[in-house]
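# Overview (structure and organization)
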Amino acid sequence: MSTLNNPFEYEAANNLPASKIATYFIDDFNYSRFIDSTRNVVIVGDRGSGKTMALMYNSLAVQKHASEELPRRLGIYVPCKTVLMKKKEQELLKDPDYASILSENFLTMSVLYHLVDDLSVIDNLTEGCDVDQLKQEVAYSLGLDLPSTPEFLNALKQAIQKEAREVQLALNAPSLESDFPPTRSFGTSVLPLLDTLRRIPRLRNAHFMFMLDDVHDLNDDQLRVVNSWIAYRDHSLFSIKIASARADQLHFKTPSGGSILEGHDFIQIDLEQPYHNEESNFGQLASKLITKRLKEAGIECSPDEFFPVSPTVEKELEECRETVRKRAQEMYPEGPAKKINDYIYRFARAEWFRQRADHSNLPAYSGFQTLVYLSTGVIRNLLEPCYWMYDDAKSQSGSVSQIDPQIQRDRIIDRSKRIWERLEQLDRFIEGCSRSDAKRIHNLFDQLAVLFRKRLDEHESEPRAISFTISAMSEEDESDLMPLLEIARAAQLLYIRSGPAKERGKRESYYVPNRMLWPVRGLDPHGQHARVSIQAEHLRNATNGIAIPMDAKKSKKVKPKGQRELFDDDE
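In this report, the structure presented in the accompanying data block is examined. (Residues numbered from 1 in each chain as written. Predicted model: local features only at pLDDT ≥ 70, side-chain atom pairs only at ≥ 80, totals over all residues. Heavy atoms only, no water.)

## Some thoughts on unusual backbone geometry
- In this model, glycine 335 is joined to proline 336 through a cis peptide bond whose omega is 5 degrees.
- A positive phi is found at threonine 376, a non-glycine position, where the angle reads about 55 degrees.
- Of note, threonine 376 is situated in the loop between helix H13 (368-374) and helix H14 (379-397).
- The residue alanine 472 is not glycine, and still its phi comes out positive at about 50 degrees. (Helix = DSSP H or I, 4+ residues; strand = E, 2+ residues; numbered from the N terminus.)

So, in structure tokens, the structure goes:
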């Protein structure tokens with residue numbers, strides 16, 4: 001029986017109990033199982049893509065909940081978004097080297113604390129040990145004054161907290177420069193403690209995985225220190241796993257001026273995944289995740305059955321598929337079948353949107369696949385509308401066995417309206433965004449919506465393309481446009497993905513607007529595996545409300561606007 005009121009709870013992983021993390025986590029299709037290894041791992045992904053969930057699932061606390069046996073590798077979860085790590089006082093010091101040493105000290109103290117705290121979940125850890133001798137060894141090797149409490153880990157935790165407090169008090173004292181407190185580093189503290197811990201019979205063969213979450217919140221000195229830990233080549237005792245919101249927020253330099261290299265010093269897992277169809281990795285991950293949550297809530301049905309497509313829409317789409325199929329067979333009487341199927345893939349849904357009257361209501365967006373497309377490949381974006389739909393359904397009927405298409409449609413439109421409202425007020429939410437920036441970003445997305453609508457109505461080869469690349473970028477374009485795009489990315493209105501370029505062997509970055517923007521504009525969030533190349537100049541013009549031109553050669557007006565040809569008003 002679920003202990004949560006809503007199976008689509010999208011609370012941050014840090015706030016979920018270990019039992020829910022162990023139950024909900026899916027390690028297939030996202031390579032996160034690589035964390036459970038002796039290798040150094042760098043995980044990148046937007047907020048909500050599952051980084052924290054992946055780290056916490058491999059933590060000692062969750063693994064101990066899943067099994068009574070001690071895991072092969074001990075995951076020590078170290079959050080970097082904490083009060084201790086956020087301290088800035090040292091950055092006011094005149095001596096930058098001194099500030100760097102204190103920054104490393106705070107990071108080391110945090111690692112020490114979480115190491116001891118996580119080990120406390122192991123029952124009878126010191127069984128078979130002389131605890132007094134163990135405490136003496138730790139006191140000697142770390143220079144800590146352990147209290148007399150008989151329990152080893154509690155005594156160690158208290159000593160670490162006491163020293164962290166003393167350093168902070170010294171840092172806040174007016175005479176800091178003349179009264180420099182003793183500090184710690186990974187080499188002088190963590191390594192000696194690991195060496196001592198390995199003398200405990202239960203930890204004799206332990207490998208410690210230090211999993212640092214949200215490293216983008218570390219200052220530059222601390223990130224360099226973490227990189228120096230990753231550069232440590234002997235992985236027999238420990239390994240480092242780090243997670244960051246975005247790859248471009250990281251650098252891989254060490255304090256000594258060296259660097260660490262992907263493939264040599266670490267492997268990188270990218271949790272930002274494109275979604276083109278239900279067979280993609282993200283599509284399969286989303287299906288397994290929702291299935292697992294439904295099962296946990298006692299609902300025995302598939303995601304497609306739980307989130308059904310509107311019967312009316314399904315019937316109309318099938319009619320459009322048949323219309324387009326006949327057209328393709330007339331155009332390509334000799335086949336091959338792949339050419340006909342590709343044509344149906346590109347035009348069947350576009351046909352449905354093209355035949356809709358201009359004055360008709362917004363489409364009845366519904367169905368599990370639509371929800372997955374609307375997530376733009378981010379797990380939290382998938383769970384959020386599901387959460388609201390389930391809450392609506394429960395309010396109406398008390399028990400929920402599936403979500404009515406009308407509830408799906410209403411909630412999707414509501415969430416879409418809300419994201420446009422947030423778009424209009426970005427200056428209230430995003431640091432560094434002025435009122436002028438917010439207006440220009442709103443104009444840009446507004447013109448993108450106009451362009452994508454025009455393509456949906458008229459483009460003769462890629463009508464459902466809703467991603468774009470930027471071409472012909474001058475220095476002036478870059479200095480003016482890119483800061484706006486960065487703000488949009490920070491607000492999770494825009495995502496960057498990487499894919500093969502048209503030039504053989506090359507790859508390119510492309511931009512994917514959050515697909516939840518499109519329902520309220522009557523667009524198809526399903527999109528198409530294609531990208532629109534837009535000149536930077538046109539994007540800059542769009543920020544001032546000027547329409548983005550579409551290649552006229554690719555335009556093929558299907559019907560005059562306002563003409564009804566196939567369907568009347570929507571349900």
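## Regarding the pairing of strand E2 (residues 73-79)
- The buried count for E2 comes to seven of seven residues, which makes it a mostly enclosed element.
- The pairing of E2 with strand E3 (residues 207-213) spans seven bridges and is classified as parallel. Across the sheet, the residue bridging to proline 79 is aspartate 213, located in E3. (Buried < 20%, exposed > 50% of the residue type's maximum accessible area, 1.4 Å probe, protein only. Pairing = 2+ DSSP bridges.)

## A word on the side chain of arginine 349
- As for its position among the elements, arginine 349 is in helix H12 (residues 337-354).
- Looking at arginine 349, its side chain comes within polar contact range of the side chain of aspartate 524, at 2.8 Å.
- Other than its neighbours up to four places away in sequence, arginine 349 contacts Leu317, Arg464, Asp524 and His526. (Polar contact = N/O pair within 3.5 Å; in protein donor to acceptor, adjacent residues only side chain to side chain. Contact = heavy atoms within 4.5 Å.)

## Description of the pattern of salt bridges
- Within this structure, the stated rule accounts for 34 salt bridges.
- Residue glutamate 296 pairs with lysine 20 through a salt bridge whose shortest N-O separation is 2.9 Å. Of this pair, glutamate 296 sits in helix H9 (residues 281-296) while lysine 20 sits in helix H1 (residues 18-24), placing them 276 residues apart in sequence.
- Here arginine 455 and glutamate 462 are joined by a salt bridge, their closest N and O atoms 3.5 Å apart.
- We classify arginine 455 as buried; its relative accessible area is 5%.
- Of the residues examined, glutamate 462 reaches a relative accessible area of 27% and is grouped as partly exposed.
- Connected via shared salt-bridge partners are Glu384, Asp392, Arg411, Asp414, Arg415 and Arg418. (Salt bridge = Lys/Arg side-chain N within 4 Å of Asp/Glu carboxyl O.)

## A word on the packing of helix H5 (residues 131-142) against helix H7 (residues 186-197)
- Orientation of H5 relative to H7, taken along the N-to-C sense of each, is 155 degrees, at an axis distance of 9 Å. It follows from the interaxial angle that H5 and H7 lie roughly antiparallel. Like other packed secondary-structure pairs, H5 and H7 cross with a definite hand, here right-handed. Judged by residue contacts, Leu134, Glu137, Val138, Ser141 and Leu142 of H5 engage Thr188, Ser189, Pro192, Leu193 and Thr196 from H7.
- For the contact of H5 with H7, a count of residues per class yields five nonpolar, four polar and one charged. (Axes fitted to C-alpha atoms, helices over the stretch in contact; angles between N-to-C directions. Parallel < 35°, antiparallel > 145°, perpendicular 65-115°, else oblique. Left-handed = near helix turned anticlockwise from the far one by under 90°. Nonpolar A, V, L, I, M, F, W, Y, C, P; charged D, E, K, R; others polar.)

## Quick word on helix H4 (residues 96-119)
- Relative to the 34 Å expected for 24 residues at 1.5 Å per residue, H4 spans 35 Å between its end C-alpha atoms, a close match to the ideal helical length.
- Counting buried positions along H4 yields 17 of 24 residues, so the element is predominantly enclosed. (Expected span 1.5 Å × (residues − 1).)

## Section: the nonpolar core
- Grouped together as the largest cluster of nonpolar side chains are 76 residues, with contacts concentrated most on Phe306, Phe307, Leu426, Phe445 and Leu448.
- Apart from the residues within four sequence positions on either side, phenylalanine 307 is in contact with Phe8, Ile290, Gly367, Phe368, Leu371, Cys386, Met389, Ile403 and Gln408. (Core = buried A, V, L, I, M, F, W, Y, C linked by side-chain atoms within 4.5 Å.)

## Overview of helix H8 (residues 220-230)
- Residues of H8 that are buried include every one of Gln222, Leu223, Val225, Val226, Asn227, Trp229 and Ile230, and no others.
- Looking at the buried positions of H8, the neighbouring elements they touch are H4, H7, E3 and strand E4 (238-244).
- Structurally, the start of H8 carries an N-cap: the backbone nitrogen of aspartate 221 is 3.1 Å from a side-chain oxygen of asparagine 219.

## Remarks on the packing of aromatic side chains
- Per the counting criterion, the structure on display carries 18 aromatic pairs.
- Here tryptophan 352 and phenylalanine 353 contribute two aromatic rings whose centre-to-centre distance is 4.9 Å and whose plane-to-plane angle is 90 degrees, an arrangement assigned as edge-to-face. The same class applies to tryptophan 352 as to phenylalanine 353, namely buried.
- With a centroid separation of 5.4 Å and 15 degrees between ring planes, the pair formed by phenylalanine 468 and tyrosine 511 is classed as stacked. Placement of the pair is phenylalanine 468 in strand E6 (residues 467-471) and tyrosine 511 in strand E8 (residues 507-513), with a sequence separation of 43 residues. Assigned by exposure class, phenylalanine 468 and tyrosine 511 land together as buried.
- Feature note: the residues Phe8, Phe306, Phe307, Phe368 and Tyr390 constitute an aromatic cluster, connected by ring pairs.
- Just above the ring of tyrosine 24 sits the side chain of arginine 293; from NZ or CZ to the centre is 4.0 Å. (Phe/Tyr/Trp six-rings, centres within 6.5 Å; stacked < 30°, edge-to-face > 60°. Lys NZ or Arg CZ within 6 Å of the ring centre and 35° of its normal.)

Function cannot be inferred from these measures alone, as they are strictly geometric.
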